[in-house]
Amino acid sequence: MREYDLRVDPYTPGLGPETELRSLLLWLREDETVRREARGRIRSSSAIAAPGGTPMGSPGFDLLQLAVGSSLSTGSLVFSVLQWQASRRRPPALTVRRGPYEITLTGDEAGDPEALHRIVAALENGSGDADPDEADDGAA
């Protein structure tokens, strides 16, 4: 199992972190490629939450934790997240963390194969350098 933490930038215009993360979780549960291999829950990130909640007024439910099975590639997960962003009227910036590595997705990466390749490599290998023997580009 691999674990990912996803956070919406609380300063991005939109519906607020909790609503956006609930939308993303629903999207992932409906995605045929992802739903069998990913389990998620939305919770409070006490390290991020300031007294009084986030800038959008949320009580602090600002973190989506995903546990992903080994048969789902990082590329497939990133691709599904980018599809969700593309479906939003105002796509929020989304920070994806795996271990000590963090990547911010703005939605613009969906149209840039090189950027997508670097993102997947960074989350798989912990660097921006793709190693074809280690990284799975997860092309869907």
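Quick caveat, the model's predicted, so the values are computed rather than measured.

A.B. asks: Is there a simple way to explain the confidence of the model for the protein in this structure?
C.D. replies: Detailed reading of the predicted model is not advised wherever pLDDT is low. Averaged over every residue, the pLDDT of the protein is 79; the share at 70 or more is 79%. Across the protein, the element-wise mean pLDDT spans from 87 in helix H3 (residues 113-125) up to 93 in helix H1 (residues 17-30). A low-confidence stretch, residues 47-58 (pLDDT under 50), is modelled with 16 contacts involving residues beyond four sequence positions or located in other chains. The low-confidence segment residues 127-140 (pLDDT under 50) makes 26 contacts with residues lying over four places distant or belonging to another chain.

A.B. asks: In this structure, what is going on with the nonpolar core? I would like to understand it.
C.D. replies: Soluble globular proteins tend to pack their nonpolar side chains together in the buried interior. Leu6, Leu24, Leu28, Leu64, Leu66, Leu77 and Leu94 are the most contacted members of the largest nonpolar core, which has 26 residues in total. Counting residues per element, the ones that place at least two in this core are strand E1 (2-8), H1, strand E2 (38-44), strand E3 (61-68), helix H2 (74-87), strand E4 (94-98), strand E5 (101-105) and H3. Contacts of leucine 77, omitting those with residues within four sequence positions, involve Tyr4, Leu28, Val34, Leu66, Val68 and Leu72.

A.B. asks: Could you clarify how one ought to interpret the pattern of salt bridges in this entry?
C.D. replies: Side chains bearing opposite charge may pair, as long as their charged atoms lie close to each other. Throughout the structure, instances matching the rule amount to 5 salt bridges. A salt bridge links arginine 88 to glutamate 20; its shortest N-O distance comes to 2.7 Å. Of the two residues, arginine 88 is situated in the loop between H2 and E4 and glutamate 20 in helix H1; the sequence distance between them amounts to 68 residues. Classification of glutamate 20 by relative accessible area gives buried; the value is 3%. One salt bridge in this structure joins glutamate 102 and arginine 97, with 2.9 Å as the shortest N-O distance. You can call glutamate 102 partly exposed: its relative accessible area is 40%. Residue classification places arginine 97 among the partly exposed residues on the basis of a relative accessible area of 33%.

About the criteria used
Residues numbered from 1 in each chain as written. Predicted model: local features only at pLDDT ≥ 70, side-chain atom pairs only at ≥ 80, totals over all residues. Heavy atoms only, no water. pLDDT = per-residue confidence, 0-100. Helix = DSSP H or I, 4+ residues; strand = E, 2+ residues; numbered from the N terminus. Contact = heavy atoms within 4.5 Å. Core = buried A, V, L, I, M, F, W, Y, C linked by side-chain atoms within 4.5 Å. Buried < 20%, exposed > 50% of the residue type's maximum accessible area, 1.4 Å probe, protein only. Salt bridge = Lys/Arg side-chain N within 4 Å of Asp/Glu carboxyl O.

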